Amino acid sequence: MSGDSITTPVPGDSALATAAPTTKRRARIMAVTSGKGGVGKTFISANLAAALARRGERVLVLDADLGLANLDVVLNLHPKITLHDVFTGKATLGEAILPAPGGFEVLLAGSGLVEYSRLTAEVRDQLLKIIETVAPRYDRILLDTGAGISDVVLYAVSLADEVLVVTTPEPTSMTDAYATIKLLATQQQRTAIRLVVNHVGRPGEGRAIRGQLQLVVDRFVAPMLAPDAPALKLDLLGEIPLDPSVREAVQRRRLLMELLPGCAAALAVNALADRLMTA
Ligand SMILES: Nc1ncnc2c1ncn2[C@@H]1O[C@H](COP(=O)(O)OP(=O)(O)O)[C@@H](O)[C@H]1O
Ligand SMILES: [Mg+2]
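The rules behind these values
Residues numbered from 1 in each chain as written. Chains lettered and ligands numbered in written order. Predicted model: local features only at pLDDT ≥ 70, side-chain atom pairs only at ≥ 80, totals over all residues. Helix = DSSP H or I, 4+ residues; strand = E, 2+ residues; numbered from the N terminus. Expected span 1.5 Å × (residues − 1). Buried ≥ 20, exposed ≤ 12 C-beta atoms within 10 Å, placed from the backbone. Contact = placed C-beta atoms within 7 Å. Near = placed C-beta within 6 Å. Nonpolar A, V, L, I, M, F, W, Y, C, P; charged D, E, K, R; others polar. pLDDT = per-residue confidence, 0-100. Pairing = 2+ DSSP bridges. Axes fitted to C-alpha atoms, helices over the stretch in contact; angles between N-to-C directions. Core = buried A, V, L, I, M, F, W, Y, C linked by C-beta atoms within 7 Å.

### A word on helix H12 (residues 264-278)
So, point 1. Helix length check: H12 (15 residues) gives 22 Å between terminal C-alpha atoms against 21 Å at 1.5 Å per residue, within 8%.
So, point 2. Regarding H12, the residues found buried are Ala265, Ala266, Ala268, Val269, Asn270, Leu272, Ala273 and Leu276.
So, point 3. Considering only its buried residues, H12 is in contact with helix H2 (41-54), strand S7 (192-200), strand S8 (233-241), helix H10 (244-251) and helix H11 (256-259).

The structure is reproduced here in structure tokens:
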């Protein structure tokens, strides 16, 4: 977590003040990010949240893709109140957090809030404050971020305890994942990054991709770090096969875990949840 503290009042302060923590334990916050767009971040965030909720965790998915949010579309939710209203002080956090199908909760950004795609002091303060406020109420918070290496994405990721980078075996996706990993290592001093390889064509492809990325990291990123810095380790959380069921669920605006729980991709998401809860 960033050690920043808010010293100046920001709009929405009073709204946030009503959201008192209910427990002392704090959520584990994981940012779900990628180098390239369209690799499955939102699909994974929503379905992993459902899998974790089934395992008894209290989970919040925060739509942190502020410029190009689509979690609402995937979940078929049409919120009247969004993060935008919390940012502007028109609504409380409690009003903006919605139950999602799948037994978890969501805080939606609302589609096309391009005004928040720039990292202004207000966006910084609000995001930090919102996360600090909700953290004590959940076991886990997933930040579904935008793709790429914009300052908003990097800032949202900096608020997370751990980072999950999603890539596919496609060379462009891997190159962009590498660029993201490099920034996380050099700018945020991350020493461990989780990896999910989505769209795999054969079992074991995820391991091979992790190996390839780790080689490039060892060769090119390690020399950029301080001499005494620990080596950056990529940890394969799992792989998800390319599965037509995913598209079908998205088109029907349903969670894969609910619509087709026995399909290969759903089983792979369950394996991710199991691994996340033990490692
Ligand atoms: N494992 C998969 N198999 C088949 N299609 C997938 C898979 N993962 C994602 N997709 C497709 O890719 C599209 C983009 O995924 P999305 O989660 O919106 O990406 P992102 O959030 O990274 O931009 C989805 O609408 C879905 O149809
Ligand atoms: Mg997305």
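### Structural notes on the site of ligand 1
So, point 1. Close to ligand 1 lie 18 residues, the nearest being Gly40, Lys41, Thr42, Phe43 and Val246.
So, point 2. Elements with a contribution of two residues or more to the shell around ligand 1: H2, S7 and H10.
So, point 3. For the shell around ligand 1, the per-class residue count stands at seven nonpolar, eight polar and three charged.

### A closer look at the confidence of the model for the protein chain
So, point 1. When pLDDT is averaged along the protein chain, the result is 88, and 87% of the positions lie at 70 or above.
So, point 2. The model gives residues 1-23 a pLDDT under 50, and that stretch makes 40 contacts with residues more than four places away or in other chains.

### Section: the sheet that holds strand S4 (residues 105-107)
So, point 1. Spatial strand order, S3-S4-S2-S5-S1-S6-S7-S8: eight strands in an open sheet with mixed pairing. With partners counted over all chains shown, the strands left at the sheet margins are strand S3 (97-99) and S8, one partner each. Within the sheet, the average angular offset between the axes of one strand and its neighbour, ignoring direction, is 25 degrees.
So, point 2. Of the pairings in the sheet, the one linking strand S2 (residues 59-64) to strand S5 (residues 140-147) comprises six bridges and is parallel in character.

### Overview of the environment of Ile44
So, point 1. Take Ile44: it is sitting in helix H2.
So, point 2. Once residues within four sequence positions are removed from consideration, Ile44 is found in contact with Val32, Val166, Val196 and Asn198.

### Some words on unusual backbone geometry
So, point 1. For Asn76, which is not a glycine, the phi torsion comes out positive at approximately 55 degrees.
So, point 2. In this fold, Asn76 is placed in the loop between helix H3 (71-75) and helix H4 (83-87).
So, point 3. A positive phi angle is found at Gln189, which is not glycine, with a value near 50 degrees.
So, point 4. Checked against the element boundaries, Gln189 lands in the loop between helix H8 (171-188) and S7.
So, point 5. Owing to 12 C-beta atoms within 10 Å, Gln189 belongs among the exposed residues under this scheme.

### Description of the environment of Val221
So, point 1. Tracing the sequence through the fold places Val221 in helix H9 (residues 205-221).
So, point 2. Assessed through the 19 C-beta atoms surrounding it within 10 Å, Val221 is described here as partly exposed.
So, point 3. As for Val221 and Ala231, which are separated by ten residues in sequence, their C-alpha atoms are 9.1 Å apart.
So, point 4. When residues no more than four places from it in sequence are discounted, the contact partners of Val221 are Lys182, Ala185 and Leu232.

### Topic: the nonpolar core
The nonpolar side chains of a soluble globular protein tend to be buried with one another.
So, point 1. In terms of nonpolar packing, the biggest core is built from 82 residues, with Ala49, Val61, Leu143 and Val269 touching the most fellow members.
So, point 2. The leading source of residues in this core is H2, at nine residues.
So, point 3. Once you skip the residues sitting within four places of it in the chain, Val269 turns out to touch Asn47, Leu48, Ala51, Ile240 and Met257.

### Some points on the pairing of S2
So, point 1. By the criterion of burial, S2 is predominantly enclosed, with six of the six residues buried.
So, point 2. On S2, burial covers both faces: Val59, Val61 and Asp63 on one face and Leu60, Leu62 and Ala64 on the other are all buried.
So, point 3. Where S2 meets S4, three bridges bridge the pair, whose relative direction is parallel. For Leu62, the partnering residue across the bridge sits in S4 and is Leu107.

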